[in-house]
2 protein chains.
Amino acid sequence: MKNPIIVPELRELILANKNAEIANFCRTGHPAIVAELISALSSKEVWQILKNAERPLRAEIFSHLDVDLQEDLVTTLNREELVHLLADMAPDDRADLFKRMTDEKQEAVLPALAHAEREDIRRLSAYEEGTAGSVMTSDYAMLPAQITAAQAIDRLRREAPNKETIYYAYVVDENRKLIGSVSLKDLILSRPNATIDEIMQKEVLFTRIHDDQEDAVRKIQKYDLIALPVVNEKDSLVGIITYDDAIDVINQENTEDMEKLMAIGGSHEHAVYSKTSSWGHFKNRAGWVVVLAMLGLISGLIVQKFEGLLLQFTILATFMPMLADTGGNTGSQSATLVVRALALKEISNKDVLAVLLKEFKVAILLGLLLGMITFGRVLLTGGEILLPEGCTIAIIGSAIALALSLQVVTATLIGAGLPMVASFLKLDPAVVASPALTTIVDITGLLIYFYTIKLIVGI
Amino acid sequence: MKNPIIVPELRELILANKNAEIANFCRTGHPAIVAELISALSSKEVWQILKNAERPLRAEIFSHLDVDLQEDLVTTLNREELVHLLADMAPDDRADLFKRMTDEKQEAVLPALAHAEREDIRRLSAYEEGTAGSVMTSDYAMLPAQITAAQAIDRLRREAPNKETIYYAYVVDENRKLIGSVSLKDLILSRPNATIDEIMQKEVLFTRIHDDQEDAVRKIQKYDLIALPVVNEKDSLVGIITYDDAIDVINQENTEDMEKLMAIGGSHEHAVYSKTSSWGHFKNRAGWVVVLAMLGLISGLIVQKFEGLLLQFTILATFMPMLADTGGNTGSQSATLVVRALALKEISNKDVLAVLLKEFKVAILLGLLLGMITFGRVLLTGGEILLPEGCTIAIIGSAIALALSLQVVTATLIGAGLPMVASFLKLDPAVVASPALTTIVDITGLLIYFYTIKLIVGI
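These numbers were taken from a predicted model, which means no experiment stands behind them.

### Topic: the overall build of chain A
In step 1: A tally of regular secondary structure across chain A gives 22 helices and six strands.
In step 2: Computed over the C-alpha atoms, the radius of gyration of chain A is 31 Å, more than 25% above the 23 Å expected from 2.2 N^0.38 for a compact globule of 459 residues.
In step 3: The principal-axis extents of the C-alpha atoms in chain A amount to approximately 95 × 60 × 35 Å.
In step 4: Counting every position in chain A, which comprises 459 residues, the buried fraction comes to 44%.
In step 5: Pairs at least 24 apart in sequence give 73% of the contacts found in chain A among residues at least 6 apart.

### Comments concerning the relation of the copies chain A and chain B
In step 1: By a simple turn and slide, chain A fits onto chain B: the slide is 0.0 Å along the axis, the RMSD is 0.3 Å, and the turn is 180°. The relationship between the two copies is best expressed as a two-fold rotation axis.

### Considerations on the pairing of strand β6 (residues 237-242) of chain A
Residues and elements named next belong to chain A.
In step 1: In terms of residue burial, β6 counts as a mostly covered element, since six of its six residues are buried.
In step 2: Bridge count for strand β5 (residues 227-231) against β6 is five bridges, and the pairing is antiparallel. Counterpart to Leu228 in the pairing with β6 is Ile241.
In step 3: In this antiparallel pair of consecutive strands, β5 and β6, the connection spans five residues, and Asp235 shows a positive phi of 65°.

### Section: the nonpolar core
In step 1: Ranked by size, the top nonpolar core spans 106 residues in total, and within it Val338(A), Ala403(A), Val338(B) and Ala403(B) carry the most contacts.
In step 2: Excluding its chain neighbours within four sequence positions, the residues that come into contact with Ala403(A) are Leu323(A), Ile448(A), Tyr449(A), Thr452(A) and Ile453(A).
In step 3: Among the nonpolar cores identified, the runner-up in size contains 78 residues, and Val182(A), Ala132(B), Leu143(B) and Ala149(B) belong to it.

### Side note on unusual backbone geometry
All names here are of chain A.
In step 1: Notably, Arg176 is not glycine yet its phi reads approximately 70°, a positive angle.
In step 2: Checked against the element boundaries, Arg176 lands in the loop between β2 (168-172) and β3 (178-183).
In step 3: When the 15 C-beta atoms within 10 Å are taken as the criterion, Arg176 is described as partly exposed.

### Considerations on the packing of helix α5 (residues 55-63) of chain B against helix α7 (residues 79-88) of chain B
A packed helix pair is summarised by two numbers, namely the angle formed by the two axes and the spacing between the axes.
All names here are of chain B.
In step 1: Running from N to C, α5 and α7 cross one another at 75°; their axes reach a closest spacing of 8 Å. With respect to their mutual orientation, α5 and α7 come out roughly perpendicular. In contact with Arg55, Pro56, Arg58, Ala59 and Phe62 of α5, α7 contributes His84, Leu85 and Asp88.
In step 2: A per-class count over the contact of α5 with α7 returns four nonpolar, one polar and three charged.

### Observations regarding the sheet that holds strand β2 (residues 168-172) of chain B
Residue and element names in this part refer to chain B.
In step 1: The sheet built from three strands is open, its strands ordered β1-β2-β3 with mixed pairing. The sheet is open, and its two borders are formed by β1 (141-143) and β3 (178-183), each paired with just one other strand. Within the sheet, the average angular offset between the axes of one strand and its neighbour, ignoring direction, is 35°.
In step 2: In this sheet, β2 lies alongside β1 in parallel orientation, the contact comprising three bridges. When the sheet's bridge partners are listed, Leu143 is paired in β2 with Val171.
In step 3: On the sheet, helix α12 (residues 149-159) packs against β1 and β2 and is oriented at approximately 150° with respect to β1.

### Some points on the sheet that holds strand β6 (residues 237-242) of chain B
In step 1: The three strands lie next to each other as β4-β5-β6 (chain B), forming an open sheet whose pairing is mixed. Each edge of the open sheet carries a strand with a single partner, namely β4 (207-208) and β6 of chain B.

### Thoughts on the domain arrangement of chain A
Much of the literature gives interface size as the accessible area that the parts lose upon coming together.
In step 1: By domain assignment, chain A separates into domain 1 (7-126), domain 2 (141-243) and domain 3 (273-457).
In step 2: Relative to domain 3 of chain A, the C-alpha centre of domain 2 of chain A lies at a distance of 52 Å.

### Things to note about the confidence of the model for chain A
Residues and elements named next belong to chain A.
In step 1: Summing up the model confidence of chain A, the mean pLDDT is 85 and the portion of residues at 70 or higher is 94%.
In step 2: For chain A, the element scoring lowest by mean pLDDT is helix α9 (residues 103-109), at 78; strand β4 (residues 207-208) scores highest, at 95.
In step 3: For this predicted complex, the interface confidence score (ipTM) comes to 0.73, while the overall pTM stands at 0.75.

### Examining the interface of chain A and chain B
In step 1: Contacts between chain A and chain B engage 85 residues on the former and 85 residues on the latter.
In step 2: For the side of chain A that touches chain B, the element with the most residues is helix α19 (residues 315-343) of chain A, which contributes 18 residues.
In step 3: A per-class count over the side of chain A that touches chain B returns 45 nonpolar, 25 polar and 15 charged.

Each value, and the rule that gives it
Residues numbered from 1 in each chain as written. Chains lettered and ligands numbered in written order. Predicted model: local features only at pLDDT ≥ 70, side-chain atom pairs only at ≥ 80, totals over all residues. Helix = DSSP H or I, 4+ residues; strand = E, 2+ residues; numbered from the N terminus. Rg over C-alpha atoms; globule rule 2.2 N^0.38 Å. Buried ≥ 20, exposed ≤ 12 C-beta atoms within 10 Å, placed from the backbone. Contact = placed C-beta atoms within 7 Å. Least-squares fit on C-alpha atoms with pLDDT ≥ 70 in both. Pairing = 2+ DSSP bridges. Core = buried A, V, L, I, M, F, W, Y, C linked by C-beta atoms within 7 Å. Axes fitted to C-alpha atoms, helices over the stretch in contact; angles between N-to-C directions. Parallel < 35°, antiparallel > 145°, perpendicular 65-115°, else oblique. Nonpolar A, V, L, I, M, F, W, Y, C, P; charged D, E, K, R; others polar. Domains from an automatic or database assignment. pLDDT = per-residue confidence, 0-100.

Laid out in structure tokens, this is it:
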């Protein structure tokens, strides 16, 4: 969101070189608000503002700018400005920015960096997107077990300005192995000369670098953590995931699930509606739409095959789109509920029978209700319809109603079953996209429809 | 999720009255894990375990139990047990529990409560669901501006065990008006004799009790807050919303949006898939399914009206389901993207023209692609089809392709436009459910199809 309101005032300050006033402006609000306000300026002007902000604040405001603008700025700065900026940034934000740069930009930036930052970026950006390692930060507070609470507070006080959170500190042994955690609250509450070993929590919740980011985040959520430590293969502490990054992951995963449910492709990482070009949107959506259109032709061929039946019973054409729609709707509903319950870890693979049983019961109720309504509807319009000899309106009505009920039950079970199957195969349940499901139950629905009618009417 | 693994061991401990061992078991893991482990027991057995846990821990484990089990337990406790338990619970969890009880249960519990808790419950449960007031807690740390940092730390140390978070304290004047905030980190870093007035942040982000909980939560997310203060009409501090409750709200709102997109009704508050009965699921889903089935009959009537055309050009029946499906898919995709972007506040009402323009461009690209593929497909199967005199396979092919392109453009614009209209009317954009949209573009699609064919073929 850009905010053009104070652009003229900011431009005036830049032109008049009122550096003290600019520095003051940067201090007045939350860095995220300042970033929003200056985003309406050109990238050159943005730097005129930022370079007047004090150093740690400058990097904080910078981190809240849009990614494109960050990339633009980074490549135009001189070596010294760049080194300062990147040194002040939070390690995870810095690694994210770096990962999103083109190869040339990365090569232009790397030599300007200090050795420590270069190593840190290399390490953090090595983890695959979607893993716990890719969202962790290396900025955590670490304590040995032997010191006292008073010494620990003193140490945190000295380190505080550079750490993302000092509200939790992690206790490690000489090999950096995670052996406990202690909150600042515990430190403040305990006797000053108690040792960390005495007051630390020894059962620490943690995640491994290659674990799914979603599992890590669910732990933060379930256990109300401010941060979750991340360990490597040797159980050594390598980073933490903070609650604010967890919230970003939750939103990203939710967007991803929703888009997959609607058969929208693309990476879903850092995807922002208004930032994605029309061409990008087209590419994300075209694949599935084309595949499903081709699948839709199968429905067409089924309709064509039963043209003779449709000609004999013109009433069948009237109820055909409704049958297809209803199958898609009931199937999508149950797929959505199951996908969501799986995502929130409310149900798991072993619940497959319980879920199918519940969906079966719901489907029977829905099928009965819709069947009765449809039977009534056929009888109501019945008078005007021509039927072949030997077939009454009641017979054709019950045939249509039965077909609809069967379609509802089938579609609901397919809708609930496919995400469970996907989860069982360790695939993402949301890939069983609602549009794909709609197309599949269209096909099963038409087959059910025509064969039920044939069977009951006896042709 | 229930975990039956250690049920036999727990039962043995209860039968043998090994109270010390039970107390020890309660201490061993995170309260959420203990709650999960004991949930497989009967409610009577759960209390046999809980009553042996130390008091504050007992309430913590209790808060992590499922709501139904909590309600069961509360009504079976004696007066003293109940008073202790409710006094130890976090105010927001306590108010939530109370709100979900039946009137009789509420009346049974109220007299047993201490005055302070009774008043607190009354106040917290007075706010409407969905407002900031309904998710806040009254357990925050408050400081006057005149004391020193050292005095403040001392005060927080004394209050700590009873506060949800002491990492942020809120500074109020004599009328409880919110005038600043100070983090524990700031307090530790500053000179011990600096006054709060000197070190506090004077620009405090806050929300009002009647504001939408979603707006409050977006602030916590955007500004990476641990807690957001809530003020009443007189700007007096009345509570805080903590980051962990914000995460719960985010998940709840996301589930709600997804379910609405799939036309699933119900309150969406505290709804859990496996906790909802089949009958409950049926009631939530049946309404829309029936309405949409009735709307689907309109499509059927259109098909019936153009039966003559379908008989002349049998190829039209083959492509008809594909046209309907494709309209539904492209419309749902654009609706999902717009609903999500609105929910994340990425776009707002004033962006309506920009959004429609972008969707129009995407739709033109999708329409062209699908049109070309369809034209090729018609030509390929063309040889076997009987056509009336004067009409070539190229003419009917271009007519079908053009109709499909028009359908894609119309469906995409309707899909993007309806959520924007809903948002403009201050309705929830997600009410423009995907199934409803699918049914609408089915109808528009069939009309476009038949009229385009008639126009081009010239009948």
